[in-house]
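Examination of the molecular architecture
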Amino acid sequence: MSQKSPHRNRFNFWLNLDKPDEEKIADTIEHLKTERSFTKTIRDGIRLIVDLRKGNTEVLFELFPDLESRLGGSSGSSGDDDSDIKREIDNLKQLIISQTTNSNTHIMSEQPKPSGLQSLGGVKQLNAPQFDKPSYDDDEDDDLGLVVTKAVSDGQASLNFLASMNALQQ
Amino acid sequence: MSDYIVAVDAGNGFTNAVRAKGKSYDSIGFPSVRAAVTGDSLGLGEQFEMSIDYVQWGSFRYSLGDDVFMSRKAVERHQGAFRYGDEFWLFLVSVALGKLLPKKGGSVDLTVFAPPALFFDAKEGIEYRLKQTKNIITVQFKGDKKPRVFKIASLTVHPEGLGAVGCYALDDAGKPIVSDILTGDTVVLDMGMYTIDALQMSEGKFNPESLQSATWEGQGIKAHMLDILLNQVKKAGADFELLTTDDIDLCLRNGLKTGDYALVSGASSIDLQKAVNKQAVRYGDWIANNIIDGVFNGLRGVKSLILVGGGATLVQDHLKTQYPNKILDASQHNHVADVHPTLLNAVGGLRLALARQSA
């Protein structure tokens, strides 16, 4: 008895290697492929982001069970008590703040100091004006209206060629 | 106004020539090779003895083209940078005129070609040679009672490759074609026996200063196909040890024309088709690596690549797979569809001459 072949769909995406962050992602993909974990990482990553955006941590704790115990939270859904969600979010914030970071990410604490200076795991933040981080989201480029069409000709190329050849004989 | 308008592409490997005839043209072609012959006859008639057509060239007699295989004595080619305007070159041009035009002779508007990188020097050499002959070309064939005499009323020298572009830019009457064929950036690749010429144009215009770097000497069909195939063939057996690149060239031309790539020598025969196809792919890759990618950025930003010359027939299928939608398809343009890649320069030269005359 022959088996039906599974119904499969393939999705591609671009990385701009001129951008350091995306180049890092490309390197990471190569590494994941050597470990044969690229596709699973993509699947898990999408599940995780979508779940977190909904305010859930179910997938987060499914993938990182240790995190659940460290945060002391429960895998709640949007139907749970608001106070539980708030506590989980507070725990997450504290966890991130307590970790040492060497990135340029600006982290807001609950009570900003009057002087504007923040202590960030030993790194002092400069008293610089705030601005939006550059976005590396390629989806934004879709709004630029760059549509490829056929180049328009003025039909003069043959005449140009004739003139060039005649000039060569001068 | 000349009696005849003729373009002669006397290449290192093959001589192609065309003569304007109304809206069409007559054409001839022969390998650029000659061999010394006596032309003597036993008087037995053609039924009983081998008859060789020869050219009487001054006090010498030569068989021409594939007829050299009948004698194989003192077979002579002249390939390389120093041939343009020399005695051998003049011989080829004279024979072409003699074969194309009527015996009675007449005045000729003559167009000839030279590799782009050698263009200015070659042009000077050619003009000097013809000036020495007072612009008179004479040639006598077997059976002629007296030499045929042609007066070169007008001489034009074009860079190889660009002559071929003339074929795309102009129609049969020499009128510019209004189309997008040469729109944007175009690269012309002329692959001959000894040289590869590659030129880039923008909207039909080219930079004369770029001609200097447009020729790869010693990278033509001889180096990449004939020498390599000959080396392989010679190892096949004693019957093949005395063969030359002329034999391989003949087999190759036959094969491209008829599909029969049998190389026969003595009692032995080899089918060269597989070896030719394999080497043609290698040659195509060499061109892709060194010229198309190495010099022309893989044709990024280039609208089309025009392939010209004998090498074009060998590599175009493979290059089409490497650069899809970039190779200009002559069959899509009525005014070029019937012109063989080896005739593109000559026919282009003819059309440029017609354009010049009607200006």
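Bear in mind the structure is a predicted one, so any value in this text is a computation, not a measurement. (Residues numbered from 1 in each chain as written. Chains lettered and ligands numbered in written order. Predicted model: local features only at pLDDT ≥ 70, side-chain atom pairs only at ≥ 80, totals over all residues. Heavy atoms only, no water.)

Examining the pattern of salt bridges
For the structure on display, the rule yields 16 salt bridges over all chains. Among the salt bridges present, the one from Arg47(A) reaches Glu62(A), with a minimum N-O distance of 2.7 Å. Linking Arg47(A) in helix α2 (residues 38–53) with Glu62(A) in helix α3 (residues 58–63), this pair joins segments that are 15 residues apart in sequence. Residue classification places Arg47(A) among the partly exposed positions, given a relative accessible area of 36%. In this structure, Arg34(B) engages Glu76(B) in a salt bridge whose closest nitrogen and oxygen atoms are separated by 2.8 Å. One end of the pair, Arg34(B), is in strand β4 (residues 34–36); the other, Glu76(B), is in the loop between α1 (68–71) and α2 (87–100), and 42 residues separate them in sequence. The class for Glu76(B) is partly exposed, based on a relative accessible area of 29%. (Salt bridge = Lys/Arg side-chain N within 4 Å of Asp/Glu carboxyl O. Helix = DSSP H or I, 4+ residues; strand = E, 2+ residues; numbered from the N terminus. Buried < 20%, exposed > 50% of the residue type's maximum accessible area, 1.4 Å probe, protein only.)

So, the side chain of Asp190(B)
Residue and element names in this part refer to chain B. For Asp190, the position within the fold is in strand β10 (residues 185–191). Of the side chains with opposite charge, Arg83 lies nearest to the buried Asp190, which makes no salt bridge, at 11 Å. A polar side-chain atom of Asp190 sits 2.8 Å from a polar atom in the side chain of Asn345. With sequence-adjacent residues up to four places away left out, Asp190 is seen in contact with Glu160, Gly161, Thr195, Ile196, Asp197, Val308, Gly309 and Asn345. (Lys, Arg positive; Asp, Glu negative; His and termini not counted. Polar contact = N/O pair within 3.5 Å; in protein donor to acceptor, adjacent residues only side chain to side chain. Contact = heavy atoms within 4.5 Å.)

Quick look at the packing of helix α7 (residues 273–293) of chain B against helix α8 (residues 310–322) of chain B
Residues and elements named next belong to chain B. The geometry of α7 relative to α8 is characterised by a closest axis approach of 8 Å and an angle of 55 degrees between their N-to-C directions. By the angle between their axes, α7 is oblique relative to α8. The way α7 lies across α8 gives a crossing that is right-handed. Contacts from Val276, Ala280, Val281, Tyr283, Gly284, Asp285, Ile287, Ala288 and Ile292 in α7 reach Leu314, Val315, His318, Leu319 and Gln322 in α8. (Axes fitted to C-alpha atoms, helices over the stretch in contact; angles between N-to-C directions. Parallel < 35°, antiparallel > 145°, perpendicular 65-115°, else oblique. Left-handed = near helix turned anticlockwise from the far one by under 90°.)

Some remarks on the side chain of Arg148(B)
Residues and elements named next belong to chain B. Within the element layout of this structure, Arg148 appears in strand β9 (residues 148–159). For Arg148, a relative accessible area of 11% gives the class buried. Reaching out from Arg148, the side chain makes a polar contact with the side chain of Asp144 at a distance of 2.8 Å. When near neighbours in sequence (up to four residues on either side) are disregarded, Arg148 contacts Gly98, Leu101, Lys103, Ile137, Thr138, Val139 and Phe141.

Here we look at helix α10 (residues 344–358) of chain B
Residue and element names in this part refer to chain B. With 15 residues, α10 should cover 21 Å at 1.5 Å per step; its first-to-last C-alpha distance of 21 Å lies within 8% of that length. The element α10 is largely enclosed, with a buried count of 12 among its 15 residues. Among the residues of α10, Leu344, Asn345, Ala346, Val347, Gly348, Gly349, Leu350, Arg351, Leu352, Ala353, Leu354 and Ala355 are the ones counted as buried. (Expected span 1.5 Å × (residues − 1).)

Focus on the sheet that holds β4(B)
All names here are of chain B. Across the sheet, which stays open at both edges, the nine strands sit in the order β3-β2-β1-β7-β9-β8-β5-β6-β4 with mixed pairing between neighbours. The sheet is open, and its two borders are formed by β3 (24–31) and β4, each paired with just one other strand. Going from strand to strand, the sheet's axes swing by 35 degrees on average, the running direction of each strand aside. With eight bridges connecting them, strand β2 (residues 14–21) and β3 associate as antiparallel partners. Each residue of the ladder has a partner; that of Lys21, found in β3, is Ser24. (Pairing = 2+ DSSP bridges.)

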